[in-house]
Amino acid sequence: MLLFNKLILWMLPILPRKLIWVFSKKYVAGVTLNDAINCSVGLNSNGIKVTIDILGEAITNLKEADSYKEQYLDVIDKVEAKGIDGNYSLKPTMFGMAINAEKCYESIREIVKKASSYNNFVRIDMENSPYTDLEIELYKRLLKEFPNNVGLVLQAYLNRTQQDILNLNNLSKDNLPINFRICKGIYNESPDIAYKKYDDINNHFIKDLDLILKEKIYVGIATHDKNLVNQALELLKKHNCETTDYEFQMLLGITPELRKSILEKGHVMRVYVPFGKDWFEYSYRRFKENPKMLSHIIKAIFIKG
Ligand code: FDA
């Protein structure tokens, strides 16, 4: 990344939130649940499913975990009442994974139980590597109780992912239907445990997807990388997949043309719809991925004033 872009990224937290919001709203449905519902209704009307996520990251005290749990339970009731075609995604550190893993399990269990009462589904997002084992264990535990209502994310940049796929697939011998989302991975991991180069990560994304499809595991193919989408389409043919065996997934506001072209080919598409008052950290990660967006911010600051 250019030095100037790095400088702007570094300055973002001290720039007026109102200015950052102008650019963030591309990636975030809004601050309220109503914003998320309206956004989801719009996507549904174009044949796109959603996965709704309340924005928030690692908490520092367990009271916050209770508050996030209550918010999710309320979101599920209201989203189901509106008949939205969508499911839910969440991050375990919002429920205290880093403070008390058992309490985190209990909170997420309540959320999955609520989703299961509507025959719906919760995806456990994968966070940075200190949580990989904990989040896999959490998934395994929930899967036993709610076999059709919970899924996990795997990150292609981690060296361990092929082995994780094989280990988790052992659970399907107990008739537990494994359900993955495969993505590249967004956290800054050490080269000791993760691939760092674009080509290496892409090669492993395809290797992981190939293994997942070979093992007949349902998969959400989460990428905006056209090159990976094309290779994924080839793999779907190679494994004679039906449209019920997989779905494509994208983040709100990214590569809408690619999204449309996948949809027009008859594949299932699901868009990640994040909302909430903690929109800044999420948007910050999106800006980091997209230097073009940073250049818009630079123009807004220095040219438009
Ligand atoms: P890449 O970053 O190479 O982008 C490919 C192309 O997409 C770019 O060339 C550009 O055209 C476009 N693009 C990408 N980012 C953009 C942006 N911010 N703005 C505009 N255009 C952009 N990660 C994780 O660690 N844990 C998780 O649980 C999840 N969950 C998740 C769910 C879903 C539905 C998606 C799509 C992604 C995630 N991720 C994630 C994030 C994922 O790991 C990854 O960081 C991003 O998807 C970007 O990777 P791409 O595969 O899109 O490739």
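The structure we're discussing is the one just above.
Everything in this summary refers to the structure shown in the same document.

Definitions and cut-offs
Throughout, residues of each chain are indexed from 1 in the direction in which the sequence is written. With the structure being a predicted model, the display of local features is reserved for residues of pLDDT at least 70 and the display and counting of side-chain atom pairs for 80 or more, all residues being used for whole-chain, interface and lining totals. Excluded from the side-chain calculation are hydrogens and water; included are all heavy atoms of the structure. At least two bridges found by DSSP between two strands is the condition for calling them paired. Runs of E in the DSSP output that reach at least two residues are strands. Runs of H or I that reach at least four are helices, and both are numbered from the N terminus. Where helices are involved, their axes are fitted lines through C-alpha atoms of the stretch in contact, as for all axes, and angles between N-to-C directions lie from 0 to 180°. Residue contacts are counted whenever heavy atoms from the two residues lie within 4.5 Å of one another. Here a polar contact is recorded for every N or O atom pair within 3.5 Å, except that within protein the pair must consist of a potential hydrogen donor and a potential acceptor, and residues adjacent in sequence are included only if both atoms are side-chain atoms. A molecule or strand has a residue near it when one of that residue's heavy atoms lies within 4 Å. Every accessible area reported is derived by Shrake-Rupley at a probe size of 1.4 Å, with residue values counting cover from the shown protein chains alone. Classes in brief: Ala, Val, Leu, Ile, Met, Phe, Trp, Tyr, Cys and Pro nonpolar; Asp, Glu, Lys and Arg charged; the others, Gly included, polar. In this scheme, a helix's expected span is set at 1.5 Å multiplied by one less than its residue total. Relative accessibility thresholds used throughout: buried, under 20% of the residue-type maximum; exposed, over 50%; partly exposed, between the two (1.4 Å probe, protein chains only). This arc describes the spread of directions from the helix axis toward the C-beta atoms. Residues belong to a common nonpolar core when they are buried Ala, Val, Leu, Ile, Met, Phe, Trp, Tyr or Cys residues joined through side-chain atoms within 4.5 Å. Note on aromatic contacts: the rings of Phe and Tyr and the six-membered ring of Trp form a pair at centre separations within 6.5 Å, being stacked when their planes are under 30 degrees apart, edge-to-face when over 60 apart, and tilted otherwise.

A word on the sheet that holds strand S6 (residues 218-222)
Paired through backbone hydrogen bonds, the strands of a sheet run either parallel or antiparallel to each other.
Argument step 1. Strand order in the closed barrel formed by eight strands is S1-S2-S3-S4-S5-S6-S7-S8, and the pairing between neighbours is parallel. Averaged over neighbouring strand pairs, the angle between their axes works out to 30° when direction is ignored.
Argument step 2. Looking at chain direction, strand S7 (residues 246-251) and strand S8 (residues 269-275) are connected through four bridges and run parallel. Opposite Leu 251, over in S8, you have Tyr 272 as the bridge partner.
Argument step 3. Helix-sheet contacts for helix H4 (residues 62-81) involve strand S1 (49-54), strand S2 (86-90) and S8, and the interaxial angle to S1 is about 155°.
Argument step 4. Contacts between helix H6 (residues 132-145) and the sheet are confined to strand S3 (122-124), strand S4 (150-155) and strand S5 (179-183), with S4 contributing the most and set at about 155° to the helix.

A closer look at the environment of Asn 44
Argument step 1. Mapped onto the fold, Asn 44 is located in helix H3 (residues 33-45).
Argument step 2. The spacing of Asn 44 and Val 75 is 31 residues in sequence and 17 Å in space, taken between C-alpha atoms.
Argument step 3. Once you skip the residues sitting within four places of it in the chain, Asn 44 turns out to touch Lys 49, Val 50, Ile 84 and Asp 85.
Argument step 4. Among the polar contacts listed, one links the side chain of Asn 44 to the backbone nitrogen of Asp 85, at a separation of 2.8 Å.

Observations concerning the site of the ligand
Argument step 1. What surrounds the ligand is a group of 25 residues, the closest being Tyr 27, Lys 184, Gly 185, Thr 223 and His 224.
Argument step 2. For the ligand, an oxygen atom lies 2.9 Å from a polar atom in the side chain of Gln 155.
Argument step 3. The backbone of Arg 286 places a nitrogen or oxygen atom 3.0 Å from a nitrogen atom of the ligand.
Argument step 4. In isolation the ligand offers 940 Å² of accessible surface; the protein chains occlude 82% of this area.
Argument step 5. For the shell around the ligand, the elements supplying multiple residues, two or more each, are S4, S5, S7 and helix H11 (279-289).
Argument step 6. Looking at the shell around the ligand element by element, the count peaks at three residues for S7.
Argument step 7. Of the residues belonging to the shell around the ligand, the class tally is 12 nonpolar, seven polar and six charged.

A few points about H3
Argument step 1. With 13 residues, H3 extends 18 Å from end C-alpha to end C-alpha; this agrees with the ideal 18 Å at 1.5 Å per step.
Argument step 2. When H3 is considered as a whole, its buried residues turn out to be Leu 33, Ala 36, Ile 37, Cys 39, Ser 40 and Leu 43. One face of H3 carries all of its buried residues, which in axial projection span an arc of 165°. Exposed and oriented more than 90 degrees from the buried face of H3 are Asn 34, Asn 38 and Ser 45.

Remarks on the nonpolar core
As a rule of thumb, soluble globular proteins bury nonpolar side chains together.
Argument step 1. Of all hydrophobic cores here, the largest spans 79 residues; its most connected members are Phe 95, Leu 142, Leu 152, Phe 180, Ile 221, Phe 248 and Val 273.
Argument step 2. Per-element tally for this core: the top contributor is H4, with seven residues.
Argument step 3. The contacts of Phe 180, once residues within four sequence positions are left out, are Arg 123, Leu 152, Leu 154, Ile 165, Leu 168, Ile 212, Ile 217, Tyr 218, Val 219 and Gly 220.
Argument step 4. Core analysis: the second largest hydrophobic core is formed by 18 residues, Ile 8, Leu 15, Phe 287 and Met 293 among them.

Describing helix H8 (residues 198-214)
Argument step 1. Relative to the 24 Å expected for 17 residues at 1.5 Å per residue, H8 spans 24 Å between its end C-alpha atoms, a close match to the ideal helical length.
Argument step 2. What H8 keeps buried is the set Ile 201, Asn 202, His 204, Phe 205, Ile 206, Asp 208, Leu 209, Leu 211, Ile 212 and Leu 213.
Argument step 3. If you follow the buried residues of H8, they end up packed against helix H7 (161-169), S5, S6 and helix H9 (226-238).
Argument step 4. Just downstream of H8, Lys 216 is the residue with a positive phi angle, here 60°.

Section: the packing of aromatic side chains
Argument step 1. Applying the stated criterion across every chain, the model contains seven aromatic pairs.
Argument step 2. Plain terms: the ring middles of Tyr 27 and Phe 287 are 6.1 Å apart, the flat faces sit at 65° to each other, and that makes the pair edge-to-face. Taken together, the residues span a long stretch of sequence, with Tyr 27 in the loop between helix H2 (17-24) and H3 and Phe 287 in helix H11 at a distance of 260 residues.
Argument step 3. You can call Tyr 27 buried: its relative accessible area is 2%.
Argument step 4. Here the aromatic rings of Tyr 246 and Phe 248 are separated by 6.1 Å at their centres, their planes lie at 85°, and the arrangement is edge-to-face.

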